[in-house]
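Okay, here's what each chain looks like letter by letter:
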Amino acid sequence: MDLQTACILNQVTSRFYREHADSFSATRHAGWPGWERALDGEAGAAFRAGGEAPAVLDVACGNMRFERFLQERFPESGFRVWAVDNCAPLATGDADAFTLTGEGLANRVSFYEFDVMERLLAGDLAAHLPERDFDLVACFGFMHHVPGWENRVQLLRALAEKVKPGGSLVVSFWQFLNSPELAAKAQEAHVRGLASLRDAGLDPAQLEEGDFLLGWQNEQNAFRYCHNFTQSEVERLAQEAGLTPQLTTQFQADGRTQNLNAYLVFGR
């Protein structure tokens, strides 16, 4: 995938979240079963240790539901979160039940608003991430928005570098084609998405296997770029990023069939 295509796809996704932050957030309430499973293991050790408050980096934090999950899961931990996203309306919310206000999280979360993918493409992502290492680096529901194989490899490497010794990196990879229903919707929306973005200069020949333009609810012109990951692809990403020796756990979880996300947990 060339740089122009990656930029177009990132712009499409960013525009989607700016324009549909409220409706998207309204459908994202509860934590994921995969989070429970990951943090029941080594990735949650710092929260159970009872010592220094764990430091968490949440990359592409969305509407902060992982932060609320942590508070419910580890109420006595005293953890701190450095949360990154390029959509402040989605992250900070408004006066609804999903804002940080009244959740006891406002004094625990530092929010950094910048475009991770934009900085990755510019080659200066490391300079924009917080200047410290973390007990837990989490990246959920974002890797499928990263266009291009090499960009995904580079992001994995950048995230792994933010983990302190003894800490963990946990990453999820969406596998929506495992659901026949989602697969059918993806195929239909992708055709419409390609037609919609023809004038924007999107070259379909630059897309990689597993790339889709997904729709949203009944909106005819709402699209976001998403990549479907196969199990072998997830494992190859870890290998090419040089992280296979640090891989401690891998599993599938989430959705009715418990196989809509693949998880990789890396230790350091």
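Scope of this entry: the structure provided in the associated data block. These numbers come from a predicted model, not from an experiment.

1. Topic: the packing of aromatic side chains
At step 1: This structure, assessed with the given rule, holds 17 aromatic pairs.
At step 2: Cation over ring: Arg 132 sits above Phe 134, and NZ or CZ is 5.5 Å from the ring centre.

2. A closer look at helix 11 (residues 231-240)
At step 1: By the burial criterion, the buried members of helix 11 are Glu 233, Val 234, Leu 237 and Ala 238. For helix 11, the angular spread of the buried residues around the axis is 140 degrees, confining them to a single face.
At step 2: As for helix 11, its buried residues are in contact with helix 9 (149-160), strand 5 (163-174), strand 7 (219-227) and strand 9 (261-267).
At step 3: Gly 242 lies just past helix 11 and shows a positive phi near 75 degrees.

3. Things to note about the pattern of salt bridges
Oppositely charged side chains can form a pair if their charged atoms are brought close together.
At step 1: Under the criterion given, the structure shown has 10 salt bridges.
At step 2: Between Arg 152 and Glu 233 there is a salt bridge; the shortest N-O distance is 3.9 Å. Remark: Glu 233 occurs in helix 11 and Arg 152 occurs in helix 9; sequence separation between them is 81 residues. Across this residue pair, the class does not change: Arg 152 and Glu 233 are buried.
At step 3: Two residues, Arg 256 and Glu 181, come together in a salt bridge whose shortest N-O distance is 3.6 Å. Taken together, the residues Arg 256 in the loop between strand 8 (247-253) and strand 9 and Glu 181 in helix 10 (residues 180-196) connect sequence positions 75 residues apart.
At step 4: For Arg 256, a relative accessible area of 78% corresponds to the exposed category.
At step 5: Look at the salt bridges and you will find they share partners, linking Glu 36, Asp 40 and Arg 73 into a network.

4. Concerning helix 9
Three or four residues apart is the spacing at which side chains of an α-helix point the same way, because the helix has 3.6 residues per turn.
At step 1: Over its 12 residues, helix 9 extends 17 Å from the first C-alpha to the last, a length consistent with the 16 Å expected when each residue adds 1.5 Å.
At step 2: Burial analysis of helix 9 places 9 of its 12 residues in the buried class, which makes it a mostly covered element.
At step 3: Restricting attention to buried positions, one finds in helix 9 the residues Trp 149, Asn 151, Arg 152, Val 153, Leu 155, Leu 156, Ala 158, Leu 159 and Ala 160.

5. A word on the packing of helix 3 (residues 33-40) against helix 5 (residues 65-73)
At step 1: Packing of helix 3 against helix 5 leaves a shortest axis separation of 12 Å and a crossing angle of 50 degrees. With respect to helix 5, the element helix 3 is oriented oblique. Note on packing geometry: the crossing formed by helix 3 with helix 5 is right-handed. Across the interface between the two elements, Trp 35, Glu 36, Leu 39 and Asp 40 from helix 3 touch Arg 65, Phe 66, Phe 69, Leu 70 and Arg 73 from helix 5.
At step 2: Of the residues assigned to the contact of helix 3 with helix 5, the class counts are 5 nonpolar, no polar and 4 charged.

So, how was this worked out
Residues numbered from 1 in each chain as written. Predicted model: local features only at pLDDT ≥ 70, side-chain atom pairs only at ≥ 80, totals over all residues. Heavy atoms only, no water. Phe/Tyr/Trp six-rings, centres within 6.5 Å; stacked < 30°, edge-to-face > 60°. Lys NZ or Arg CZ within 6 Å of the ring centre and 35° of its normal. Buried < 20%, exposed > 50% of the residue type's maximum accessible area, 1.4 Å probe, protein only. Helix = DSSP H or I, 4+ residues; strand = E, 2+ residues; numbered from the N terminus. Arc of directions from axis to C-beta. Contact = heavy atoms within 4.5 Å. Salt bridge = Lys/Arg side-chain N within 4 Å of Asp/Glu carboxyl O. Expected span 1.5 Å × (residues − 1). Axes fitted to C-alpha atoms, helices over the stretch in contact; angles between N-to-C directions. Parallel < 35°, antiparallel > 145°, perpendicular 65-115°, else oblique. Left-handed = near helix turned anticlockwise from the far one by under 90°. Nonpolar A, V, L, I, M, F, W, Y, C, P; charged D, E, K, R; others polar.

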